[in-house]
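What follows is the residue order along each chain.
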Amino acid sequence: MKLNRILLPALAFSAALCTAQTKTLDMYFIDVEGGHASLYVSPSGESMLIDTGSPGARDVDRMMEVITGAGLKQLDYMVLSHYHSDHVGGLEELAKRIPIKHFIDHGESVEPREQVPGFQKMYAELYSKIPRTVVKPGDKIPVAGLNVVVATSAAKVLKTPMAGAPGAGKPNPECATFTPRDESRVDPDNPQSVGLVISLGKFRHVNLADFTWNVEKDLMCPNNPIGTVDLYLTSHHGIDQSGSPALVHALQPRVAVMHNSARKGGAVQTMQTLRTSPGLEDIWQLHWAYAAGIEHNAPGVFIANLEEPAVLANALTNPPPTFGQGRGPGGPPPAGAAPGAGGAAGAGGPPAGGPPSGAPRGGGGGRGPGHTGPAFLIQVSAAADGSFTVTNTRNGFSKKYAARK
Ligand SMILES: [Zn+2]
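Analysis parameters
Residues numbered from 1 in each chain as written. Predicted model: local features only at pLDDT ≥ 70, side-chain atom pairs only at ≥ 80, totals over all residues. Helix = DSSP H or I, 4+ residues; strand = E, 2+ residues; numbered from the N terminus. Buried ≥ 20, exposed ≤ 12 C-beta atoms within 10 Å, placed from the backbone. Contact = placed C-beta atoms within 7 Å. Pairing = 2+ DSSP bridges. Axes fitted to C-alpha atoms, helices over the stretch in contact; angles between N-to-C directions. Core = buried A, V, L, I, M, F, W, Y, C linked by C-beta atoms within 7 Å. pLDDT = per-residue confidence, 0-100.

A few points about the overall build of the chain
- Secondary structure summary: the chain contains 10 helices and 20 strands in total.
- Looking at the chain as a whole, 50% of its 405 residues qualify as buried.
- When contacts within the chain are restricted to residue pairs at least 6 apart in sequence, long-range pairs at least 24 apart make up 69% of them.

See below:
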């Protein structure tokens, strides 16, 4: 009691300080079914959306629900990481629904064929009226109240260690065992992705969009320019074309959020790399992932969107799928595999006998089928002291991660 009395004046003072400091960076990892749309709202109220999901009303509706729910009347920065349909597909419709104040991208697409037909023409019309900045590594996106640094853009990478970042500039021991991948079949705009390091005070987060395995080495070897982070958005939706140990184990995230869909991402190798990463505390997923199976998916409480119980039951009682990349099948499903456990893309979904009751299925964004029913998200709220809270909006489960000592 005596102690309390002594502390009272100090507490009153710190309470006033607290009011000024309780403003958070709020992050919304929106379920766009294996595409990408991550919304960031700074303590200043300024906003940045990275990517816009796939074409069609489904993803735009989901984004707008989150944007308006966050109380936003405009998007201050619209980052287009690269030009694939699961990232820019929703832009045309989104731009009709909410004012966009600034575009950020890596420059022109390096692919001759557009995944979204007519996109470049439509985008050029938009940025003839709205400022557009082509960024390079080391540039800052001036979201008021945040430190947003470009780590990758147009296949170029940050080389100068980030000033003041813990661990930045240190040699990366994982480089010695780095094994390059054959990326000849990787769509060439992926390694062009605009990748960002987003910080509020001591809290640090990395979102590299679809930046790929081999260029991760360019970024992270021989020295790690980024240092360690608190939150890592699994590159490339958790497909194992990205997310090498050289990247993940050097970043040492405390928490990974995976923006996978049921049939895209959640690759076994990706999950293993995460689970063996020093200091990793939890993996949160936007979806149950068939590729990860029962062995590698996070516990259900960390998963925002589950499959229908009947579909899951089939998956769990049949042999594991043979594909490994986490982006659909690498071959025919094993004999006796349940529908939905790894068949051809588009063939997954309801078990034989018709769709389960509840949400309609089919359609789909990204490269696999997706559901069109209610969609839940992973929400993160971070404070300048480095503490943050992650919430699964499906079940309301929240976990607070205290600031590092
Ligand atoms: Zn993608």
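After that view of the structure, there is still more to cover.
Quick notes on the sheet that holds strand β5 (residues 103-105)
- Here 9 strands make up an open sheet; going across it, the order is β6-β5-β4-β3-β2-β1-β18-β19-β20 and the pairing mixed. Only two strands of the sheet have a single neighbouring strand rather than two, namely β6 (132-134) and β20 (398-401). When the angles between neighbouring strand axes are averaged without regard to direction, this sheet yields 15 degrees.
- Bridge count for strand β18 (residues 378-382) against strand β19 (residues 388-392) is 5 bridges, and the pairing is antiparallel.

Overview of unusual backbone geometry
- Here Cys 221 and Pro 222 are connected by a cis peptide whose omega angle stands at -5 degrees.
- Looking at the secondary structure, you find Pro 222 in the loop between α6 (213-220) and β13 (223-224).
- One non-glycine residue with positive phi stands out, namely Glu 33, at about 55 degrees.
- A residue is classified by how many C-beta atoms lie within 10 Å of it, and Glu 33, with 30 of them, is buried.
- If you check the backbone angles, Ala 154 has positive phi at about 55 degrees while not being a glycine.
- Counting through the fold element by element, Ala 154 comes out in the loop between β8 (147-153) and β9 (156-157).

A short note on helix α8 (residues 268-275)
- Looking only at α8, the buried set comprises Val 268, Thr 270, Met 271, Thr 273 and Leu 274.
- Among the structural elements, α7 (245-251), β15 (255-258), β16 (282-287) and α9 (293-296) are those in contact with the buried residues of α8.

What about the nonpolar core?
- Membership of the largest hydrophobic core comes to 96 residues, with the highest contact counts inside it found for Phe 29, Ile 30, Ala 151, Val 257 and Ile 378.
- With 5 residues, α7 is the single largest residue contributor to this core.
- If sequence neighbours within four positions are ignored, Ile 378 has contacts with Phe 29, Val 257, Trp 284, Leu 286, Ala 304, Val 390 and Asn 392.

Overview of the pairing of strand β12 (residues 203-207)
- Within β12, 5 of the 5 residues are buried, which leaves it mostly tucked inside the rest of the structure.
- Where burial is concerned, the two faces of β12 agree: the one with Phe 203, His 205 and Asn 207 and the one with Arg 204 and Val 206 are both buried.
- Taking the residues between adjacent antiparallel strands as the criterion, strand β11 (residues 195-200) and β12 are bridged by 2 residues, where Gly 201 takes a positive phi near 55 degrees.
- The sheet contact formed by β12 and strand β14 (residues 231-233) spans 3 bridges and is parallel.

Focus: the environment of Asp 31
- Mapped onto the fold, Asp 31 is located in the loop between β1 (25-29) and β2 (38-41).
- Under the C-beta neighbour-count criterion, Asp 31 is labelled buried, with 29 such atoms within 10 Å.

Section: the environment of Gln 252
- Structurally, Gln 252 can be placed in the loop between α7 and β15.
- Given 18 C-beta atoms within a 10 Å radius, Gln 252 is considered partly exposed.
- For the pair Gln 252 and Gly 227, spaced 25 residues apart in sequence, the C-alpha separation works out to 8.5 Å.
- Residues contacting Gln 252, with those up to four places away along its chain left out, are Thr 228, Ser 277, Pro 278 and Gly 279.

Comments concerning the confidence of the model for the chain
- Summing up the model confidence of the chain, the mean pLDDT is 86 and the portion of residues at 70 or higher is 81%.
- Scored below 50 in pLDDT, residues 1-21 makes 1 contact in the model with residues more than four places away or belonging to other chains.
- When the criterion is pLDDT under 50, residues 328-368 qualifies, and its contacts beyond four places in sequence or with other chains add up to 118 contacts.

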